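# Fold and contact review
Residues per chain are reported as follows:
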Amino acid sequence: MSISSAARLISSRSVAHTRCALQASACRRTVSTAAGSQNSGDDSALSLLGPLDMRRMDLICHRGPADFEGRVTEVTNNELDWNKTIFHTMKNPIVAAMLKERFGKKPLWADSVISDVTKTAASLPGKQYHAPAKIRHFMATECEFKNEHADGGFDDHLDFCAEYAARYFPGCSPNVLFLHSICGVGTNLFPMDFDKLPQLEALLTPNEFLHVQAFPALQRHLFISLLKSLREHQAAKGGLGTLRGVTFKAYHGATLTLEGADFWDQLNYQLIHNLDFLPLQRWSTYVGDPAVRVFVQLHQLLRDEGKLLADITADRLRDAPGLGDAGA
């Protein structure tokens, strides 16, 4: 299955704004009180340590990535069954080798990192996201997921993304990131048959369903050409103030339009998701890496436009060479 490699930007002159977009309250840099009211068990984020690994816990604790060179050793994960990952469909041996080198590792952390994470986690609120039982049941009985990382199953990836959104993207539903891969992943795997879309829609709000449908196709567009087009439009117009949104085809063939707040919310969802694919160390050697490029450029674009609604900081990358003003 394939999709068009181009997404069409739409400006305020070319399309009328006919949808009622959510009003983003995500500019508030606070933990969602709605999510917090569901907290149970351990009243600190230490309760997440175990379900989430040290890398993800550090992202939760410090709200962004870091270069851990000298504080982590990455070793080959000989227990990883590559055929159970989303990358098993990759037939190009060179690309497959690169993916195994990148994602087929497990980290051995320095005591200083472990100490910092556990101390910081103890000062943060406990678990913020609890997936609705009806959604978990649908995923378990109607879908088929594969691992996206060597350091945990697919559930760990989904739990991390949703937990981060619940903490640091208030005003927007974390269910979107818990379900972000259900309509497809980057390696052309489709966990849910598209004839089950009506069942999925019945589990979600209209806004959640829009974002879940949009996520995988929009992600591909960002990596191929959309982010480049946005940066070029920004440079040519002195900003993205006239941009209404984007129109594109979803993986299941429907034409979707993200306008106004929905457009910016989706880009923030994408940025949160991208956190889980960044290198642990030696960032300067990954300047040309697609995940690093998209993170740095999208973070800068959202920040410059005043649309960095999710609380994601690049401050710990300030001194990493080759990343421009990522930490500025």
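Nothing here was measured: the structure is a model prediction, and the numbers come from that model.

### Quick notes on the overall build of the protein
- Within the protein, the regular secondary structure consists of 11 helices and 5 strands.
- Buried positions account for 53% of the 328 residues belonging to the protein.
- For the protein, the share of sequence-separated contacts (at least 6 apart) that also reach a separation of at least 24 residues comes to 79%.
- Accessible surface, the protein: about 14,500 Å² in total, of which carbon and sulfur atoms supply 51%.

### Focus: helix α2 (residues 54-62)
- For α2, the buried fraction is high: 8 of the 9 residues fall into the buried class.
- All of the buried residues along α2 are Met-54, Arg-55, Arg-56, Met-57, Asp-58, Leu-59, Ile-60 and Cys-61.
- Backbone geometry just downstream of α2 places Arg-63 in the positive-phi region, at approximately 60°.

### Section: empty space enclosed by the protein
- Tallied over the entire structure, the rule returns 2 cavities of 30 Å³ or more.
- Approximately 80 Å³ is the volume attributed to the largest cavity.
- Around the largest cavity, the lining residues are Arg-55, Asp-58, Leu-59, Pro-65, Ala-66, Phe-68, Leu-275, Leu-278, Pro-279, Leu-280, Trp-283 and Arg-316.
- Looking at the lining of the largest cavity residue by residue, the class counts come to 9 nonpolar, no polar and 3 charged.
- Each pocket or cavity is described by its volume, and for the second largest cavity that value is around 40 Å³.
- Taken together, Gln-219, Leu-222, Phe-223, Gln-270, His-273, Asn-274, Val-294 and Leu-298 form the lining of the second largest cavity.
- For the lining of the second largest cavity, the secondary structure elements donating two or more residues are α9 (206-237), α10 (260-274) and α11 (290-304).
- Looking at the lining of the second largest cavity, its residues break down into 4 nonpolar, 4 polar and no charged.

### Examining the packing of α2 against helix α4 (residues 111-121)
- At a minimum axis distance of 9 Å, the contact between α2 and α4 shows a crossing angle of 50°. Our classification of the angle between α2 and α4 gives oblique. When the axes of α2 and α4 are compared, the crossing they make is left-handed. Between α2 and α4, the residues in contact are Met-54, Met-57, Asp-58, Cys-61 and His-62 and Val-113, Ile-114, Asp-116, Val-117, Thr-120 and Ala-121, respectively.

### A word on the packing of α9 against α10
- Between α9 and α10, whose axes approach to 9 Å, the crossing angle comes to 75°. By the angle class used here, α9 and α10 are roughly perpendicular. Residues Asn-207, Leu-210, His-211, Ala-214, Phe-215, Leu-218, Gln-219, Leu-222, Phe-223 and Leu-230 of α9 touch α10, and the partners they reach there are Asp-262, Phe-263, Asp-265, Gln-266, Leu-267, Tyr-269, Gln-270, His-273 and Asn-274.
- Taken together, the residues of the contact of α9 with α10 sort by class into 10 nonpolar, 7 polar and 2 charged.

### Quick look at the confidence of the model for the protein
- The share of residues in the protein with pLDDT of 70 or more is 76%, and the mean pLDDT across the chain is 82.
- The secondary structure element of the protein with the lowest average pLDDT is helix α1 (residues 33-36), at 33, and the one with the highest is helix α7 (residues 175-178), at 98.
- With pLDDT under 50 throughout, residues 1-5 is counted as low confidence; its partners more than four residues away or in other chains account for 14 contacts.
- Predicted confidence for residues 13-41 stays below pLDDT 50, and this span has 46 contacts to residues more than four positions away or in other chains.

### Quick word on the nonpolar core
- Residues Ile-182, Leu-200, Phe-248, Leu-267 and Phe-295 are the most contacted members of the largest nonpolar core, which totals 89 residues.
- Counting residues per element, this core draws most heavily on α9, which supplies 11 residues.
- Ignoring sequence-local partners within four residues, the contact set of Ile-182 consists of Phe-138, Met-139, Cys-143, Phe-145, Pro-191, Met-192, Leu-200 and Val-212.

### Structural notes on the environment of Ile-312
- Considering the arrangement of structural elements, one finds Ile-312 in the segment after α11.
- In this structure Ile-312 comes out as buried when scored by relative accessible area, which is 3%.
- C-alpha separation for the pair Ile-312 and Ile-272, spaced 40 residues apart in sequence, amounts to 7.7 Å.
- With sequence-adjacent residues up to four places away left out, Ile-312 is seen in contact with Arg-63, Tyr-164, Leu-271, Ile-272, Leu-275, Phe-295 and His-299.

### Here's the deal with the environment of Asp-116
- Counting through the fold element by element, Asp-116 comes out in helix α4.
- The sequence separation of Asp-116 and Asp-58 amounts to 58 residues, and the corresponding C-alpha distance is 8.5 Å.
- Residues within four places of Asp-116 in sequence aside, it is in contact with Asp-58 and His-62.

### What to know about the pattern of salt bridges
- Scanning the entire structure with this criterion turns up 9 salt bridges.
- Here Arg-56 and Asp-276 are joined by a salt bridge, their closest N and O atoms 3.1 Å apart. Linking Arg-56 in helix α2 with Asp-276 in the loop between α10 and α11, this pair joins segments that are 220 residues apart in sequence.
- Its relative accessible area of 0% is what places Arg-56 among the buried residues.

### Some points on the packing of aromatic side chains
- In total, this model carries 8 aromatic pairs according to the counting rule given.
- Taking the centre distance of 5.5 Å and the plane angle of 50° together, the rings of Tyr-129 and Phe-178 count as tilted. With Tyr-129 in the loop between α4 and α5 (133-142) and Phe-178 in helix α7, this pair connects stretches of sequence that are 49 residues apart.
- In textbook terms, an aromatic cluster arises when at least three aromatic residues are bridged by ring pairs, as seen for Phe-160, Tyr-164 and Tyr-168.

What counts, and at which threshold
For every chain, the first residue of its written sequence is number 1, and the numbers climb from 1 along that sequence. Thresholds applied to this predicted model are a pLDDT of at least 70 for local features of residues and 80 or more for the giving and counting of side-chain atom pairs; totals over whole chains, interfaces and linings are not thresholded and use all residues. The basis for every side-chain value is the complete set of non-hydrogen atoms in the structure, without hydrogens or water. What counts as a helix is a DSSP run of H or I of at least four residues, what counts as a strand is a run of E of at least two, and both are numbered from the N terminus. Classification of residues uses two cut-offs on accessible area relative to the type maximum, computed with a 1.4 Å probe and protein chains only: under 20% is buried, over 50% is exposed, and between them is partly exposed. Working rule for contacts: check all heavy atoms of both residues, and any pair within 4.5 Å makes them a contact. Here the accessible surface of atoms and residues is derived via Shrake-Rupley with a 1.4 Å probe, and residues count as covered only by protein chains that are part of the display. A 1.4 Å probe that fits into a set of points on a 1 Å grid over the protein atoms alone but cannot get out defines a cavity; an open set with protein on both sides within 12 Å along at least five of seven lines defines a pocket, and lining residues are those with an atom within 4 Å of a point. Grid points are joined across faces, edges and corners, and a volume is the space filled by probe spheres set on the points. Just so you know the grouping, Ala, Val, Leu, Ile, Met, Phe, Trp, Tyr, Cys and Pro go in nonpolar, Asp, Glu, Lys and Arg go in charged, and all remaining residues, Gly too, go in polar. Note on definitions: angles span 0 to 180 degrees between N-to-C directions of axes, and those axes are lines fitted to C-alpha atoms, for helices only across the stretch in contact. Here the angle decides the label: under 35 degrees means roughly parallel, over 145 means roughly antiparallel, 65 to 115 means roughly perpendicular, and every other value means oblique. Left-handed describes a crossing in which the near helix is turned anticlockwise from the far one by less than a right angle; the clockwise case is right-handed. pLDDT expresses, on a scale from 0 to 100, how confident the predictor is about each individual residue. As used in this record, nonpolar core signifies buried Ala, Val, Leu, Ile, Met, Phe, Trp, Tyr and Cys residues forming a set joined through side-chain atoms within 4.5 Å. By definition, a salt bridge exists where a carboxyl oxygen of Asp or Glu is found within 4 Å of a side-chain nitrogen of Lys or Arg. Between 30 and 60 degrees the pair is tilted, below 30 it is stacked and above 60 it is edge-to-face, where a pair is any two Phe, Tyr or Trp rings, Trp via its six-membered ring, whose centres lie within 6.5 Å.

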